[in-house]
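Chain and residue survey
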Amino acid sequence: MDSYKHFTLRFWLIFLFSVSTFLIVLSCGAGIYLVVKQVMTDDILDINRAYSEKMAQTTDLMFQSMKKNLETSAGEIAPLLKDRQRLQQHLKLWQESTLFFNSILVANSKGKILATEPRMEVDGRFLMSSGAREALEKKKTVVSHPYKAITGRLIVLVSTPLWDENGNYAGFLGGTFYLEQDNTLHEFLGKHFYEDGSYLYVVDQNGTLIYHPEEERIGQMVDGNSVVQKLMDQKSGAERVVNTQGVPMLTGYAYVPSANWGIVSQTPEEEALAPTLKVVLDMFGYISPFFILLLLISFSLTQKMVNPLRQLANYAKSVRTAGTEVQPFPTIPTWYYEAEQINHAFQQYAETLRHKMNVIKRESLTDPLTGLANRRYIENTLRQWTETKKQFSVLLLDVDGFKKVNDEFGHQTGDEVLRFLSQAMKQHVRKGDICGRYGGEEFIVLLPETSAETAYLMAESLRMFMSDTVSPTGEPVTISLGVGTIAPQIDTKTLLALTDEAMYKAKQEGRNRTKLMRTIV
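Definitions and limits used
Residues numbered from 1 in each chain as written. Predicted model: local features only at pLDDT ≥ 70, side-chain atom pairs only at ≥ 80, totals over all residues. Heavy atoms only, no water. Axes fitted to C-alpha atoms, helices over the stretch in contact; angles between N-to-C directions. Helix = DSSP H or I, 4+ residues; strand = E, 2+ residues; numbered from the N terminus. Parallel < 35°, antiparallel > 145°, perpendicular 65-115°, else oblique. Contact = heavy atoms within 4.5 Å. Nonpolar A, V, L, I, M, F, W, Y, C, P; charged D, E, K, R; others polar. Core = buried A, V, L, I, M, F, W, Y, C linked by side-chain atoms within 4.5 Å. Buried < 20%, exposed > 50% of the residue type's maximum accessible area, 1.4 Å probe, protein only. pLDDT = per-residue confidence, 0-100. Patch = residues over 30% accessible without salt bridge, like charges linked within 9 Å, V, L, I, M, F, W, Y side chains within 5 Å. Areas by Shrake-Rupley, 256 points an atom, 1.4 Å probe, with all protein chains shown as cover. Salt bridge = Lys/Arg side-chain N within 4 Å of Asp/Glu carboxyl O. Lys, Arg positive; Asp, Glu negative; His and termini not counted. Charge placed at Lys NZ, Arg CZ, Asp CG, Glu CD. Left-handed = near helix turned anticlockwise from the far one by under 90°. 1 Å grid on protein atoms, 1.4 Å probe; cavity = no way out; pocket = protein on both sides within 12 Å on 5 of 7 lines; lining within 4 Å. Points joined across faces, edges and corners; volume = space filled by probe spheres on them. Pairing = 2+ DSSP bridges.

Here the focus is the packing of helix 10 (residues 402-409) against helix 11 (residues 411-427). Between helix 10 and helix 11, the shortest axis-to-axis distance is 7 Å and the interhelical angle comes to 135°. One element, helix 10, and the other, helix 11, form an angle in the oblique class. Of the residues in helix 11, those in contact with Phe402, Val405, Asn406 and Phe409 of helix 10 are His411, Thr413, Gly414, Val417 and Leu418. Here the residues of the contact of helix 10 with helix 11 are counted per class, giving five nonpolar, four polar and no charged.

As structure tokens, this is what we get:
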């Protein structure tokens with residue numbers, strides 16, 4: 001019991017203070033890190049949300065200006081539709097004065113191109129693009145989805161209808177900007193790229209990239225991004241999101257009503273939170289002297305606490321070993337070195353308890369009258385044998401006319417007859433066979449790895465012994481037996497039922513006989 005003598009109170013106190021100090025430092029560091037991380041995350045999300053909203057408002061104003069510019073010019077261009085030369089001159093002057101569009105075009109109500117600026121070899125051709133069809137169908141000022149123009153460029157068309165002097169629809173005036181080349185949108189958005197990896201991108205209402213710092217990505221579908229899905233639902237906000245390339249981003253997003261677009265301002269989470277660790281380390285630099293002082297105070301207090309408690313532990317040990325008179329117990333916790341003595345007492349108690357529990361367990365599985373296994377033990381054994389697919393046979397036996405024995409000789413003699421039968425069963429079975437009382441005057445024998453033929457012979461041997469031997473009644477007492485053997489096509493419940501059926505068949509045929517269970521095919 002002295003195997004723990006080196007784990008003294010001093011050891012445990014130093015261990016406790018050291019671990020506590022370490023855990024305090026660790027928890028403080030983790031708490032500071034999480035707080036700083038959350039604060040920085042919230043700040044960056046707020047910044048990106050506010051910035052995306054600002055850019056969305058500015059973009060919305062830009063599109064309103066585009067539309068107003070087109071609508072104003074439409075009134076000047078409508079009277080010139082039949083004069084191609086003046087129409088072309090007007091478009092040229094207008095193109096030189098506007099900064100919004102890469103090109104301008106005029107088409108009639110059938111979609112036939114009447115004029116373009118800059119001049120392109122497309123005059124007289126019919127527009128078949130989605131943007132042109134949308135302008136012809138809606139006959140109102142619209143911003144198209146990105147599409148491939150007849151020139152092969154990926155463009156967005158902003159168009160407004162043209163009306164003749166009689167108020168009839170005459171076609172449309174459209175301004176285009178090329179998404180894959182320099183334009184007003186590129187110039188406006190491209191100035192806002194931050195050194196921390198933040199950037200803007202723009203999507204239309206279908207989730208197509210209209211603007212991105214990586215120009216090769218313009219035109220890609222990114223509708224799988226959760227933020228883009230919310231913009232497609234005309235929502236604005238800020239959240240952490242993993243983009244379509246698997247990179248965690250801190251994202252702010254805002255909807256542009258006039259164009260049905262969405263603007264996203266986002267910062268890579270890794271770069272955004274990179275300064276967090278430095279902040280935590282700096283804080284540790286400020287608070288580390290406090291923790292060092294705390295540790296030194298802990299060591300000093302430990303030494304002062306050890307001496308009286310160690311004396312108490314030695315005294316408790318001397319009382320246990322020498323049996324000296326117990327002195328008043330001090331009001332000091334004794335869960336360190338002294339706990340060894342208490343542990344020893346509990347070990348002795350546990351050993352006694354274990355022995356008693358074994359006795360109780362054995363009694364709970366034994367029939368108190370006969371000393372044989374009881375029904376619970378038999379059922380547990382059958383369950384184990386079934387689970388392990390063990391081959392076995394079963395004998396079920398019943399005392400013939402047992403009620404008559406009780407009536408004529410009394411219950412005490414009846415009990416002696418049952419004990420007499422129990423002893424006979426034990427004498428006629430092998431080592432490893434299990435004899436049990438199944439209930440009342442009904443008994444059972446479990447025969448592991450035993451064939452039906454062998455079981456039958458053992459049953460007959462027991463039956464003949466009982467019929468030839470004088471029982472406590474002064475004369476032989478006969479028994480009827482049923483023999484059953486487990487088979488693949490039957491379960492334990494069926495086996496017992498068939499064996500019981502065989503036993504009762506033996507009784508019906510005159511008793512004092514053995515019957516094999518019927519076979520199930």
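With that settled, the discussion passes to the nonpolar core. Judged by nonpolar contacts, the single largest core of 39 residues is most densely connected at Phe63, Val106, Leu173, Phe177 and Trp261. The greatest single-element share of this core, amounting to nine residues, is contributed by helix 1 (residues 9-77). Setting aside anything within four residues of it in sequence, one finds Val106 in contact with Ile77, Leu81, Leu87, Leu91, Lys112, Ile113, Leu114, Ala115, Leu162, Phe172 and Leu173. Judged by nonpolar contacts, the second largest core, of 25 residues, contains Leu397, Met458, Val477 and Leu481.

Let's shift gears to the confidence of the model for the protein chain. Confidence in the prediction of the protein chain, expressed as mean pLDDT, is 81, and 83% of residues score 70 or more. When pLDDT is averaged over each helix and strand of the protein chain, the minimum, 53, is found for helix 8 (residues 339-364) and the maximum, 95, for strand 12 (residues 392-399). Contacts for the low-pLDDT stretch residues 322-326, under 50 throughout, to residues beyond four places or in other chains number seven contacts. Scored below 50 in pLDDT, residues 328-332 makes three contacts in the model with residues more than four places away or belonging to other chains.

Take a negative patch on the surface next. A cluster of acidic residues, Glu180, Glu214, Glu215 and Glu216, forms a negative patch on the protein surface. Counting through the fold element by element, Glu215 comes out in the loop between strand 8 (209-211) and helix 5 (226-232).

For the pair helix 11 and helix 12 (residues 452-468), interaxial distance at closest approach is 10 Å and the crossing angle is 140°. Between helix 11 and helix 12, the angle falls in the class oblique. Both helix 11 and helix 12 take part in a crossing whose hand is right-handed. On helix 12, the residues touching Phe420, Leu421, Ala424, Met425 and Gln427 of helix 11 are Leu462, Phe465 and Met466.

On to empty space enclosed by the protein, then. Applying the stated criterion across every chain, the model contains three cavities of 30 Å³ or more. Space inside the second largest cavity adds up to approximately 80 Å³. Lining the second largest cavity, in full, are Tyr199, Tyr201, Leu209, His212, Arg217, Val222, Asn225, Asn243, Thr244 and Gln266. Partitioned by chemical class, the residues of the lining of the second largest cavity number four nonpolar, five polar and one charged.

Turning our eyes to something else, we now look at unusual backbone geometry. Residue Glu117 is joined to Pro118 through a cis peptide bond whose omega torsion reads 0°. With respect to the helices, strands and loops of the structure, Pro118 is situated in the loop between strand 2 (113-117) and helix 3 (130-138). One non-glycine residue with positive phi stands out, namely Glu449, at about 50°. Relative to the assigned elements, Glu449 resides in the loop between strand 14 (442-448) and helix 12. On the basis of relative accessibility, which here comes to 56%, the residue Glu449 falls in the exposed class. For Asn512, which is not a glycine, the phi torsion comes out positive at approximately 50°.

Another aspect to go through is the pairing of strand 5 (residues 154-163). Summarising burial for strand 5: nine of the 10 residues are buried, a large majority. With two bridges connecting them, strand 3 (residues 142-143) and strand 5 associate as antiparallel partners. Residue pairing for strand 5: Val142 is matched across the bridge by Ser159. Pairing analysis gives two bridges linking strand 4 (residues 147-148) to strand 5, with the strands arranged antiparallel.

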